[in-house]
Amino acid sequence: MKKILAFSGSLRVGSYNQKLVKIAASAAEEAGAEVTFISLADYPMPLFDQDLEEKEGKPQKAKELKQLFKDHDALLIASPEYNSMITAALKNAIDWVSRADSEDEKPLSALAGKTAAIISASPGGYGGSRSLGFLRPFLENIKVAVLEAEFSLPKAHEAFAEDGSLLDAEKTAEVKAIARKLAEA
Ligand SMILES: Cc1cc2nc3c(=O)[nH]c(=O)nc-3n(C[C@H](O)[C@H](O)[C@H](O)COP(=O)(O)O)c2cc1C
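Residues numbered from 1 in each chain as written. Predicted model: local features only at pLDDT ≥ 70, side-chain atom pairs only at ≥ 80, totals over all residues. Heavy atoms only, no water.

Looking now at the site of the ligand. Taken together, 13 residues lie around the ligand, and Ser10, Ser15, Glu81, Asn83 and Ser122 are the ones closest in. Look at the ligand: alone it shows 620 Å² of surface, and the protein chains cover 70% of it. (Near = heavy atom within 4 Å. Areas by Shrake-Rupley, 256 points an atom, 1.4 Å probe, with all protein chains shown as cover.)

Moving on: the nonpolar core. Among the nonpolar cores identified, the biggest contains 30 residues, and Phe7, Leu65, Phe69, Leu135 and Leu139 are the most heavily contacted of them. The biggest single contributor to this core is helix H4 (residues 88-98), with five residues. The contacts of Phe7, once residues within four sequence positions are left out, are Gln18, Val21, Ile38, Leu40, Phe69, Leu75, Leu76, Ile77, Ala78 and Leu90. Counting 29 residues, the second-largest nonpolar core is a separate cluster that includes Ala25, Val35, Leu153 and Ala156. (Core = buried A, V, L, I, M, F, W, Y, C linked by side-chain atoms within 4.5 Å. Buried < 20%, exposed > 50% of the residue type's maximum accessible area, 1.4 Å probe, protein only. Helix = DSSP H or I, 4+ residues; strand = E, 2+ residues; numbered from the N terminus. Contact = heavy atoms within 4.5 Å.)

Contact pair helix H1 (residues 16-30) / helix H6 (residues 169-184): the axes reach a minimum separation of 8 Å and the direction vectors enclose 50°. Judged by the inter-axis angle, H1 sits oblique to H6. Crossing of H1 over H6 shows right-handed handedness. Side by side, H1 and H6 meet where Leu20, Ile23, Ala24, Ala27, Ala28 and Glu30 of the first sit next to Val175, Lys176, Ala179, Arg180 and Ala183 of the second. Partitioned by chemical class, the residues of the contact of H1 with H6 number eight nonpolar, no polar and three charged. (Axes fitted to C-alpha atoms, helices over the stretch in contact; angles between N-to-C directions. Parallel < 35°, antiparallel > 145°, perpendicular 65-115°, else oblique. Left-handed = near helix turned anticlockwise from the far one by under 90°. Nonpolar A, V, L, I, M, F, W, Y, C, P; charged D, E, K, R; others polar.)

Another aspect to go through is the packing of aromatic side chains. All told, the structure shown has three aromatic pairs when counted by the stated rule. Pairing Tyr16 with Phe160 gives two aromatic rings, centres 6.3 Å apart and planes at 5°, and the pair type is stacked. Of this pair, Tyr16 sits in helix H1 while Phe160 is found in the loop between strand S6 (151-153) and H6, placing the two residues 144 residues apart along the sequence. Since its relative accessible area comes to 22%, Tyr16 is described here as partly exposed. For Phe160, a relative accessible area of 13% puts it in the buried group. Geometrically, the ring pair formed by Phe48 and Trp96 is edge-to-face, given 4.7 Å between the ring centres and 70° between the ring planes. Of this pair, Phe48 sits in the loop between strand S2 (34-37) and helix H2 (50-56) while Trp96 is found in helix H4, placing the two residues 48 residues apart along the sequence. Since its relative accessible area comes to 24%, Phe48 is described here as partly exposed. The class of Trp96 is buried, set by a relative accessible area of 0%. (Phe/Tyr/Trp six-rings, centres within 6.5 Å; stacked < 30°, edge-to-face > 60°.)

Quick look at the pattern of salt bridges now. Considering all chains together, one arrives at 11 salt bridges under this definition. The partner of Arg99 in a salt bridge is Glu53, with the nearest N and O atoms 2.9 Å apart. One end of the pair, Arg99, is in the loop between H4 and strand S4 (115-121); the other, Glu53, is in helix H2, and 46 residues separate them in sequence. For Glu53, a relative accessible area of 13% gives the class buried. One salt bridge connects Lys171 with Asp168, and the closest N-O pair in it is separated by 3.9 Å. You can call Lys171 partly exposed: its relative accessible area is 27%. Each of Lys58, Lys66, Lys70, Asp101 and Glu105 takes part in a single network of salt bridges with overlapping partners. (Salt bridge = Lys/Arg side-chain N within 4 Å of Asp/Glu carboxyl O.)

Once that is clear, we can look at the side chain of Asn17. Mapping Asn17 onto the fold places it in helix H1. In this structure the side chain of Asn17 is engaged in a polar contact, spanning 2.9 Å, whose partner is the backbone nitrogen of Ala121. With near-sequence residues (within four places) excluded, Asn17 lies in contact with Ser8, Ala78, Ser79, Pro80, Ser120 and Ala121. (Polar contact = N/O pair within 3.5 Å; in protein donor to acceptor, adjacent residues only side chain to side chain.)

Positive phi values are uncommon outside glycine, yet Asn83 reaches one of about 50°. Looking at the element boundaries, Asn83 is found in the loop between strand S3 (74-78) and H4. Phi at Lys143 takes a positive value of approximately 70°, unusual for a residue other than glycine. Among the structural elements, Lys143 can be located in the loop between helix H5 (129-141) and strand S5 (145-146).

Have a look at this one:
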């Protein structure tokens, strides 16, 4: 059974990206994957600093997150867009996870060989799609294969029903199809 780690790059309570990735995560589960749904807000960690790493090693939360990455085959990531980019929280988390803990460990051991699906949501008209333009090569450069299909949700502030579902059936089908592809990849 494929094991998927699902999260967004947002730390915000009520995050649209967290809501979107939850919908995708359920679809991946329906397609037979085992999905672990997390919030990066539960993994607070300092800004990556090589001196701090040298002195103190990985912070506990970074260790836990790295182990989660290791325990899963695939990543389902919803990316908010900050100034056309991925968030600092997402970049920082992956920077910590990317680091080897000893000289015997291969670099990128928690990332290399995984598959990812990337999606985004934003109140803006582009739905955060510009962040995906950065997220894709970032992941590919650290040896994560990214599914060609991606999904962006514009006007996210008007897109969700009270129960967290999407109001638009076509968009629901689109985002679910990507999650299914990841489960079957
Ligand atoms: C620092 C900052 C920069 C932002 N830049 C963009 C941007 O470039 N494009 C965009 O569509 N939205 C931008 N936004 C608005 C976010 O899309 C919005 O805050 C969204 O709710 C963040 O995603 P979340 O709901 O998952 O936390 C920005 C927000 C912040 C705080």
